[in-house]
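What follows is each chain in one-letter form.
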Amino acid sequence: MERRVRVRFAPSPTGPLHIGGVRTALYNYLFAKKNGGDFLLRIEDTDQNRFVPGAEDYIVETFKWLGLSYDEGVGIGGPHAPYRQSERQPIYKQYADQLIANDFAYYAFDTTEELDEMRTKLEASKMPSKYDAASRMTMKNSLTLSEDEVKERLANNEPYVIRLKLPRKEEVRFHDIIRGWVVVQTAQMDDKVLYKSDGMPTYHLANVVDDYLMKITHVIRGEEWLPSAPLHVMLYRYLGWEDVMPQFAHLPLLLKPEGNGKLSKRDGDKLGFPVFPLEWKDPATGEISSGYRESGYLPAAVINMLSFLGWHPSDNREMFSVEDLFNEFTLERVSKNGAKFDLNKALWFNHEYLQLQNNAEIAAKLLPLALAKGYKTNLTYLEKVVALMKEKVNFAKEILEKGTYLFEAPTKYDEGVTSKKWKLGVPEFLTAYLEKINTLPTYEATELETSFKNLATELAQNPGQLMQPLRVAVSGEAGGPPIFEMLELLGKEEVNKRITKAVAEIVIVT
RNA sequence: GGUCCCUUCGUCUAUCGGUUAGGACACCAGGUUUUCAUCCUGGUAAGAGGGGUUCGACUCCCCUAGGGACUACCA
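Residues numbered from 1 in each chain as written. Chains lettered and ligands numbered in written order. Predicted model: local features only at pLDDT ≥ 70, side-chain atom pairs only at ≥ 80, totals over all residues. Heavy atoms only, no water.

Undergrad: Sorry if this is basic, but what is going on with the nonpolar core here?
TA: General note: in soluble globular proteins, nonpolar side chains tend to be found buried as a group. Membership of the largest hydrophobic core comes to 153 residues, with the highest contact counts inside it found for F63, Y292, L406, Y433, L470 and F484. If you tally residues by element for this core, the top one is helix α1 (residues 19–34), at nine residues. Ignoring any residue separated from it by four or fewer positions in sequence, one finds F63 in contact with F9, L17, A25, F39, L41, L68 and Y70. Counting residues in hydrophobic clusters, the runner-up holds nine residues, among them A108, M118, V161 and V193. (Core = buried A, V, L, I, M, F, W, Y, C linked by side-chain atoms within 4.5 Å. Buried < 20%, exposed > 50% of the residue type's maximum accessible area, 1.4 Å probe, protein only. Helix = DSSP H or I, 4+ residues; strand = E, 2+ residues; numbered from the N terminus. Contact = heavy atoms within 4.5 Å.)

Listed below in structure tokens is the structure:
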């Protein structure tokens, strides 16, 4: 029987989601959409010590920003609620008990000190320092203690954990959609704690139990989970769920652009690009880390960029809308090797998506920012600014940053230009030009340009030598949008003011 | 250290035994813009090394090297 595809993204709320986590969520989402299945958001907060306030909201907010809608999960509920593991606490114990009853797990009473001692001893004798089939018989657990003592300890509420009882020598194999067959010997594994002394399950137990109860069909997660996947396979087997065990797909990691190691939360802004989707303020330290959203990245660009970090279609297309990805995403085409994050590519994607947005839309987003900067402007004018500047920038907000002179008269003039091109005769020319264009019936770019060239010819001057002075007089900058379009946008009154001011202020350097 | 995973241009990658090893970003050059940028055209640039298997290997196998992950009562 074909089961309905159900996948989940199951982050732990220990801080802001980083961009690698976002990609994992994205791949889950795309896979669900592609296969007409469900995408769930489950919060794995079984470690109360690492809980960070605001982290869960941050995740939900990230999903909203990127448009990754989920079918069940925190905030919206669903048939398998609750979706927060801390609220599912009562569920897990019975499965741990079931494992004990079937002799697949046991109680362990060892203290931290005893555990440490065991490990240092084993290490000293060059033995693998694991709590396993070999070492467990030297420890304090329900396999070594008498039945009465175990009962007594439990009755006295002595702290205990429940450990998985792994066979000494057995082969565990499973098929990973991305990596193929993975084989591990139980001799290399250890008797992982499934149930902690604080009454909470560990990740391993909670994850398997919830995936089973929530009818998850595919576990798509980061490669850091690959080493514990065999343990999870054993859990499915011992719990009697092997026939409905999800298929695994372990995603390659996102690596730092330079040097070695995986991209981690700590990298923050040190690398010149955000590691987080949204800006994050650490509640403990107050430290702020930048986010893609606040940096001006477009959701569609982030999705496209992220989807290509580890996945690629069979042809050469690179611009993929979310809908395109729905149609074409397959786990089989996810690559095996880790991907280094590339800032330039991210910028390029954003540039491309910015060009696709219409000017009015961009202008509307920019208006509050422009007003906040103190620019006296409006939507109509802003839209024209966007039209002039859009293709030059990677981020919409750069239009305001690079195009200050489109809103305010320059207060200083590019010295490279003034020192080289602001020569004798230039002020006179500009004044004459002003007079000429002030009589123009329409203040329009082509007219302004024709007048400029005609005047230069009349005065036997090289227009090329005068273009830069004109630009600098009006904008203060050496570069910028096509000069006559800029004049048209600024309008007669403003151009008059600026040129007059420049002529009066710029000193001819001889 | 042990276990597992990975290895094509600087980066992301295509190739599923036979290709002049393709694309994109970045970089370089030329053109457009009498500006900067954009844009257009072109260019530089890769199968980690060594063994096999095969008529033939980037592709399959083995070894070596390198990178990464994991190795908690964290996820």
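Undergrad: Looking at this structure, I do not really get a negative patch on the surface. What am I missing?
TA: Side chains of E444, E447, E485 and E488 sit close together on the surface and give a patch of like negative charge. Among the secondary structure elements, E444 is positioned in the loop between α16 (426–438) and α17 (445–458). (Patch = residues over 30% accessible without salt bridge, like charges linked within 9 Å, V, L, I, M, F, W, Y side chains within 5 Å. Areas by Shrake-Rupley, 256 points an atom, 1.4 Å probe, with all protein chains shown as cover. Salt bridge = Lys/Arg side-chain N within 4 Å of Asp/Glu carboxyl O. Lys, Arg positive; Asp, Glu negative; His and termini not counted. Charge placed at Lys NZ, Arg CZ, Asp CG, Glu CD.)

Undergrad: Sorry, what's going on with the pairing of strand β2 (residues 38–41) here?
TA: When a strand is regular, its side chains alternate between the sheet's two faces. Covered by surrounding structure in β2 are D38 and L40 together with F39 and L41, the residues of both alternating faces. After leaving strand β1 (residues 6–9), the chain enters α1 and then returns to the sheet as β2, a path that is right-handed. Strand direction decides the pairing type here: β2 and strand β3 (residues 72–73), joined by two bridges, are parallel. Bridge assignment links L40 to a residue of β3, and that residue is E72. Each parallel crossover has a hand, and for β2 linked through helix α2 (residues 55–66) to β3 it is right-handed. (Right-handed = clockwise from strand over helix to strand, strands pointing away. Pairing = 2+ DSSP bridges.)

Undergrad: I keep staring at helix α18 (residues 463–475) and nothing clicks. Help me out?
TA: Helical periodicity: at 3.6 residues per turn, an α-helix aligns residues three or four positions apart in one direction. The end-to-end C-alpha distance of α18, which contains 13 residues, comes to 18 Å, matching closely the 18 Å that a straight helix rising 1.5 Å per residue would cover. Its buried side turned inward, α18 meets α15 (415–421), α16, α17, α19 (483–490) and α20 (492–505). Capping the start of α18, N462 holds a side-chain oxygen 2.9 Å from the backbone nitrogen of G464, two or three residues further along. Among the residues trailing α18, G476 stands out with phi positive, at a value near 85 degrees. (Expected span 1.5 Å × (residues − 1). Polar contact = N/O pair within 3.5 Å; in protein donor to acceptor, adjacent residues only side chain to side chain.)

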